[in-house]
Amino acid sequence: MTPTETPTSTPTETPTLTPSATFTASITASLTATRTRTPTQPPTLTRTATQPPVTITNTLEVQPEPTVTSDGQPTQPPDTATPTTAPTASTCAASANSSVEAEVVTLVNDERVAQGLAAYTVDSRLRAAARVHATDMACNHFTSHTGSDGSSVRDRVERQGYAWSWIGENYYVSGSGAQTAFDWWMNSTLHRNNLLSPNYTQFGVGYVYDADSDFGGYFVVVFARPG
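### Considering the state of the cysteines
Line of reasoning, step 1. This model, assessed by the stated rule, comprises 1 disulfide.
Line of reasoning, step 2. The residue that forms a disulfide with Cys92 is Cys139, at a sulfur-sulfur distance of 1.9 Å. Where Cys92 bonds to Cys139 through sulfur, the torsion about that S-S bond is close to -75°, and the disulfide is left-handed. Here Cys92 is found in the loop between strand 1 (57-62) and strand 2 (95-96), whereas its partner Cys139 is found in helix 4 (residues 124-140), with 47 residues between them in sequence.
Line of reasoning, step 3. Residue classification places Cys92 among the partly exposed positions, given a relative accessible area of 23%.

### Considerations on the side chain of Gln202
Line of reasoning, step 1. Mapped onto the secondary structure, Gln202 falls in strand 5 (residues 202-209).
Line of reasoning, step 2. Sequence-distant contacts of Gln202, defined by excluding residues within four places in its chain, comprise Tyr120, Thr121, Asp123, Leu126, Tyr162, Val222, Phe223, Ala224 and Pro226.

### Some details on the packing of aromatic side chains
Line of reasoning, step 1. Within this structure, the stated rule accounts for 8 aromatic pairs.
Line of reasoning, step 2. Centroid distance Tyr172 to Trp184: 6.3 Å. Interplanar angle 45°. Geometry classified as tilted. Residue Tyr172 is located in strand 4 (residues 164-173), and its partner Trp184 is located in helix 6 (residues 178-186); the two are separated by 12 residues in the primary sequence.
Line of reasoning, step 3. Exposure remark for Tyr172: the relative accessible area of 7% places this residue in the buried category.
Line of reasoning, step 4. Assessed through its relative accessible area of 22%, Trp184 is described here as partly exposed.
Line of reasoning, step 5. Both rings, one in Tyr200 and one in Phe223, keep their centres 5.6 Å apart while their planes meet at 25°; by these two values the pair is stacked.

### With respect to the nonpolar core
Line of reasoning, step 1. In terms of nonpolar packing, the biggest core is built from 22 residues, with Val104, Trp185, Leu195, Phe203 and Phe219 touching the most fellow members.
Line of reasoning, step 2. At the level of secondary structure, the elements contributing two or more residues to this core comprise helix 3 (98-114), strand 4, helix 6, strand 5 and strand 6 (217-226).
Line of reasoning, step 3. Listed in part, the 19 residues of the second largest apolar core include Met137, Val157, Tyr218 and Val222.

### Things to note about the confidence of the model for the protein chain
It should be kept in mind that the predicted coordinates are not to be read in detail where pLDDT is low.
Line of reasoning, step 1. Looking at the protein chain, pLDDT values average 74 and 60% of them are 70 or higher.
Line of reasoning, step 2. Counting interchain partners and residues more than four positions distant, the pLDDT-below-50 stretch residues 1-57 has 14 contacts.

### Description of the side chain of Ser174
Line of reasoning, step 1. Its place among the elements puts Ser174 in the loop between strand 4 and helix 6.
Line of reasoning, step 2. With a relative accessible area of 14%, Ser174 lands in the buried category.
Line of reasoning, step 3. Among the polar contacts made by the side chain of Ser174, one reaches the main-chain amide nitrogen of Ser176 at a distance of 3.1 Å.
Line of reasoning, step 4. Not counting residues up to four positions away in its chain, the partners in contact with Ser174 are Phe215, Gly217 and Phe219.

Rules used throughout
Residues numbered from 1 in each chain as written. Predicted model: local features only at pLDDT ≥ 70, side-chain atom pairs only at ≥ 80, totals over all residues. Heavy atoms only, no water. Disulfide = S-S within 2.5 Å. Helix = DSSP H or I, 4+ residues; strand = E, 2+ residues; numbered from the N terminus. Buried < 20%, exposed > 50% of the residue type's maximum accessible area, 1.4 Å probe, protein only. Contact = heavy atoms within 4.5 Å. Phe/Tyr/Trp six-rings, centres within 6.5 Å; stacked < 30°, edge-to-face > 60°. Core = buried A, V, L, I, M, F, W, Y, C linked by side-chain atoms within 4.5 Å. pLDDT = per-residue confidence, 0-100. Polar contact = N/O pair within 3.5 Å; in protein donor to acceptor, adjacent residues only side chain to side chain.

Okay, structure coming up:
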């Protein structure tokens with residue numbers, strides 16, 4: 001009876017301890033793997049350096065106002081600013097240069113034809129609105145689509161008696177010539193879209209120069225489709 005009891009109890013205890021050691025190792029490996037993912041986030045900080053300089057040029061496109069509401073009722077057009085003349089400094093000597101304006105017209109329309117688009121027709125009212133804004137920026141020392149009197153491109157165009165359904169505006173300030181302005185616009189997606197837009201049919205180019213201004217030359221192009 002005695003030799004039979006001794007070998008039976010000893011082998012039973014040893015196998016039950018081995019699985020617990022294996023389970024502990026698997027927990028350690030999973031913790032180490034999850035910690036290695038955190039260093040991959042910093043590269044997102046490098047995206048802010050790709051914006052164009054807003055002090056040099058800008059663009060604006062206004063979509064046509066909806067003609068009906070969701071229930072099919074006609075809407076009223078938005079109120080516009082009371083027509084006024086954009087203020088200029090009394091001592092400002094800025095003057096328009098029609099030959100430079102004609103260069104811009106040729107550059108834009110040649111590119112449109114090369115791209116299979118119809119050339120824009122020149123409208124004198126759009127040109128007048130462009131000259132007003134170019135003069136305002138030169139004489140009042142600022143660059144913006146908003147005039148010194150708070151006007152928008154829509155206000156300035158409507159003051160010239162032009163009814164529009166699409167409207168947009170590019171500007172560029174520099175003492176360089178028409179080719180430099182055109183090349184800058186073509187290398188900027190938003191400005192290029194205005195130059196080559198299928199939505200506009202007419203435009204007006206304004207260019208003024210004042211040696212005593214901040215930038216010398218001021219280009220403004222107003223694009224539109226009549227309403």
